[in-house]
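# Residue-level structure breakdown
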Amino acid sequence: MSRSKIGVVFDSSAYAPKPLEHTRVVELRVNKGDRSYKELTEIDWDEFYKDLREKKNIPTTSAAPIEEVRSAINELLDEGNDNVIGIWLSKHFSVTFEEAKMLESEFNGKFIALDTKLVAAGPYRMILETLKAIDLGWSLDEVVNHVIEVRDAYQTIFLASIEHLAKGGRIGKAQALAGNLLHFQPLLFVDDGMVNSYKVVRGRKAAIKEMPQFMIKNFGHEQLFLDIVWSDNFDEVSVLEQFLEENGMKRQDVLRLGPVIGTHLGPDLLALFGVPTKVML
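Structure report, in brief.

What counts and how
Residues numbered from 1 in each chain as written. Predicted model: local features only at pLDDT ≥ 70, side-chain atom pairs only at ≥ 80, totals over all residues. Heavy atoms only, no water. Pairing = 2+ DSSP bridges. Helix = DSSP H or I, 4+ residues; strand = E, 2+ residues; numbered from the N terminus. Axes fitted to C-alpha atoms, helices over the stretch in contact; angles between N-to-C directions. Parallel < 35°, antiparallel > 145°, perpendicular 65-115°, else oblique. Left-handed = near helix turned anticlockwise from the far one by under 90°. Contact = heavy atoms within 4.5 Å. Nonpolar A, V, L, I, M, F, W, Y, C, P; charged D, E, K, R; others polar.

### Let's talk about the sheet that holds strand β10 (residues 194-202)
By definition, the strands of a sheet pair up through backbone hydrogen bonds, in either a parallel or an antiparallel sense. Ordered in space as β10-β9-β8-β13-β11-β12, the six strands form an open sheet in which the pairing is mixed. Of all strands in the sheet, those with a lone pairing partner are β10 and β12 (253-256), marking the two edges. Between one strand and the next, the sheet's axes are offset by a mean angle of 20 degrees, whatever the strand orientation. Examined bridge by bridge, strand β11 (residues 224-230) and β12 share four bridges and lie parallel to one another.

This is the structure we're talking about:
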């Protein structure tokens, strides 16, 4: 069966490690002072995290201009695609999905916007699944239904900077101070696109050890696609890999968290994304 005539547009928070054919990427923005920077092509990520850790030039973030989303869709349609699927980070993290959703009526059914309810490895894996289904010649409805099935099967557990969690209102300042003094590490998970507290563990390594256990609690010993995401703490990736191996697990990809989501979750972010292999192509 020949490839379906479907293009894919997604936002930069999927942090795809390499260019993907038949797609367009719309870049989210990091704002410093009176300037706005595209997070993939106009920012040095190492320098960004260095400044963030040293509390220099603390940035804000913003969605891409809707004109860029519209332009990306038009480019994919002009290439001969009959339809375009938009794959966007959780609407609870950004207005990107809601702005893209407003374009559906403008394109008279040729464009569909999907909320992945996640960021980083979740959307990235969903994009890959979308492209696989398109290559198999599936219909638009079949592709969309498959991506939704993959999305709804995901579980995510992560460690983030206590200071950034307090700044974002996830935990109180007093709780953050106590956590720093006693080396408490809050583990969080994503449920229906929103961040929730899972448990608090004393010690960073002990908290990382809990991450595979979270997956076992949710999936038992099913075979999983597991992806690791880090920000500026690559040394901890091997620690998590060791604990995965001890539990008979193996990761697929290691992806780096970019500046937009990094602004909100801070340095020291370590996340584990898991989805059952049985729902994947």
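### A look at the packing of helix α8 (residues 204-219) against helix α9 (residues 235-246)
Pairs of packed helices are described in terms of their axes, by the angle between the two and the distance that separates them. Axis separation between α8 and α9 bottoms out at 9 Å; the angle between their running directions is 45 degrees. Here α8 is positioned oblique relative to α9, judged by the angle of their axes. Considering only the axes of α8 and α9, their crossing is right-handed. Each of Arg204, Lys205, Ile208, Lys209, Met211 and Pro212 in α8 lies in contact with α9, whose residues at this interface are Glu236, Val239, Leu240, Phe243 and Leu244. Its residues placed into classes, the contact of α8 with α9 shows seven nonpolar, no polar and four charged.

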